[in-house]
Amino acid sequence: MTQKQPLLMTTGEPAGIGMDIMLLLAEAGKLQDFARPIWVTADAKAMQARADQLIAAGVLKNCPTWQSI
């Protein structure tokens with residue numbers, strides 16, 4: 001069986017909603033729903049800062065874990 005190539009996603013514009021969408025999808029486990037690996041390109045420090053803001057606002061319950069490459 002051939003392994004599928006990863007799907008690369010980006011958070012887009014730093015001032016946009018891309019980071020929020022990726023964080024919420026990751027928290028809900030929705031990035032694992034695909035039949036291929038998902039790679040999200042983003043600035044790790046910016047993602048952590050946005051996750052902290054969303055947690056403080058009660059939008060996000062936990063900061064999803066990710067692996068930096």
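The coordinates are above.
Read on for an overview of the structure. What you see is a predicted model; the values in this text were computed from it and never measured.

1. Some remarks on the pattern of salt bridges
Between side chains of opposite charge, a pair can form when the charged atoms approach closely.
Piece 1. This model, assessed by the stated rule, comprises one salt bridge.
Piece 2. Across the pair Arg-50 and Asp-20 runs a salt bridge whose closest N-O atoms are separated by 2.6 Å. Placement of the pair is Arg-50 in helix 2 (residues 44–56) and Asp-20 in helix 1 (residues 18–27), with a sequence separation of 30 residues.
Piece 3. A residue is classified by how much of its surface remains accessible, and Arg-50, at 25% relative accessible area, is partly exposed.
Piece 4. Judged by relative accessible area, which is 16%, Asp-20 ranks as buried.

2. Quick word on the environment of Lys-61
Piece 1. Along the chain, Lys-61 falls in the segment after helix 2.
Piece 2. It is 31 Å that separates the C-alpha atoms of Lys-61 and Gln-5, two residues lying 56 residues apart in sequence.
Piece 3. Beyond its immediate sequence surroundings of up to four residues, Lys-61 is in contact with Glu-27 and Ile-55.

3. A look at the pairing of strand 1 (residues 7–10)
Piece 1. Two strands pair when backbone bridges link them, and strand 1 and strand 2 (residues 38–41) are joined in this way by four bridges, in the parallel orientation. Within strand 2, the position partnered with Leu-7 by the bridge is Ile-38.
Piece 2. Between the parallel pair strand 1 and strand 2, the chain is carried across by helix 1, and the sense of this crossover is right-handed.

4. A closer look at the environment of Trp-39
Piece 1. By the secondary structure assignment, Trp-39 is in strand 2.
Piece 2. Put simply, Trp-39 and Met-22 are 17 residues apart on the chain and 11 Å apart in space, counted from C-alpha to C-alpha.
Piece 3. Leave out the neighbours within four places in its chain, and Trp-39 touches Pro-6, Leu-7, Leu-8 and Met-9.

5. Notes on the packing of helix 1 against helix 2
Piece 1. Packing of helix 1 against helix 2 leaves a shortest axis separation of 10 Å and a crossing angle of 75°. What the angle tells us is that helix 1 and helix 2 run roughly perpendicular. Only Ala-46, Met-47, Arg-50, Ala-51 and Leu-54 of helix 2 make contact with helix 1, whose side of the interface consists of Met-19, Asp-20, Met-22 and Leu-23.

Definitions and cut-offs
Residues numbered from 1 in each chain as written. Predicted model: local features only at pLDDT ≥ 70, side-chain atom pairs only at ≥ 80, totals over all residues. Heavy atoms only, no water. Salt bridge = Lys/Arg side-chain N within 4 Å of Asp/Glu carboxyl O. Helix = DSSP H or I, 4+ residues; strand = E, 2+ residues; numbered from the N terminus. Buried < 20%, exposed > 50% of the residue type's maximum accessible area, 1.4 Å probe, protein only. Contact = heavy atoms within 4.5 Å. Pairing = 2+ DSSP bridges. Right-handed = clockwise from strand over helix to strand, strands pointing away. Axes fitted to C-alpha atoms, helices over the stretch in contact; angles between N-to-C directions. Parallel < 35°, antiparallel > 145°, perpendicular 65-115°, else oblique.

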